[in-house]
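# Structural characterization, general
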Amino acid sequence: MEFATVLSIRQLVIMSQQAAAAVSKPGRGQRAHRVVLARVEHGTLHYQARAGRRGQAVTVKFTAGTKITRVSVQGALDGPAARFAAALQELIQAADPGATCTRTGKGPQTR
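It should be emphasised that the depicted structure is a prediction, and the values quoted were computed from it without experimental measurement.

### Side note on the environment of L45
Assignment of secondary structure puts L45 in strand 3 (residues 44-51). The spacing of L45 and S16 is 29 residues in sequence and 8.9 Å in space, taken between C-alpha atoms. Setting aside its immediate chain neighbours within four residues, L45 contacts V13, S16, L37, R39, V40, V58, T59, V60 and F62.

This is the structure we're talking about:
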């Protein structure tokens, strides 16, 4: 999944942390899901999404252009990883209604 937005990378990093925190809160009757930041590289955040003992890697890459920032969410987007991607998409859309999202592979539907 890829987004094109006018938001800064700093804002997008904060939103990805907020999305991870939102998914990590257990709700009633739900199994505990956790999304944690495992590693940080230049322009890339590596998350580990866990549901019980099963874990998935999710990578969020940021590329800044002159007026547009591109955000790419990569990984097998199902279970807690899909919830993380959907939460991130909602946060980006709320902050920048003009942001565009393209769907690639599995993941939440584009808006």
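### A few points about the sheet that holds strand 1 (residues 2-5)
Spatially, the 6 strands line up as an open sheet ordered 2-3-4-5-1-6, and their pairing is antiparallel. Across the chains shown, the open sheet's two edge strands, defined by having one partner strand only, are strand 2 (33-41) and strand 6 (100-102). Here the strands of the sheet are splayed against their neighbours by 20° on average, with no regard to which way each runs. Across 4 bridges, strand 1 lies against strand 5 (residues 69-74) in antiparallel orientation.

What counts and what doesn't
Residues numbered from 1 in each chain as written. Predicted model: local features only at pLDDT ≥ 70, side-chain atom pairs only at ≥ 80, totals over all residues. Heavy atoms only, no water. Helix = DSSP H or I, 4+ residues; strand = E, 2+ residues; numbered from the N terminus. Contact = heavy atoms within 4.5 Å. Pairing = 2+ DSSP bridges. Axes fitted to C-alpha atoms, helices over the stretch in contact; angles between N-to-C directions.

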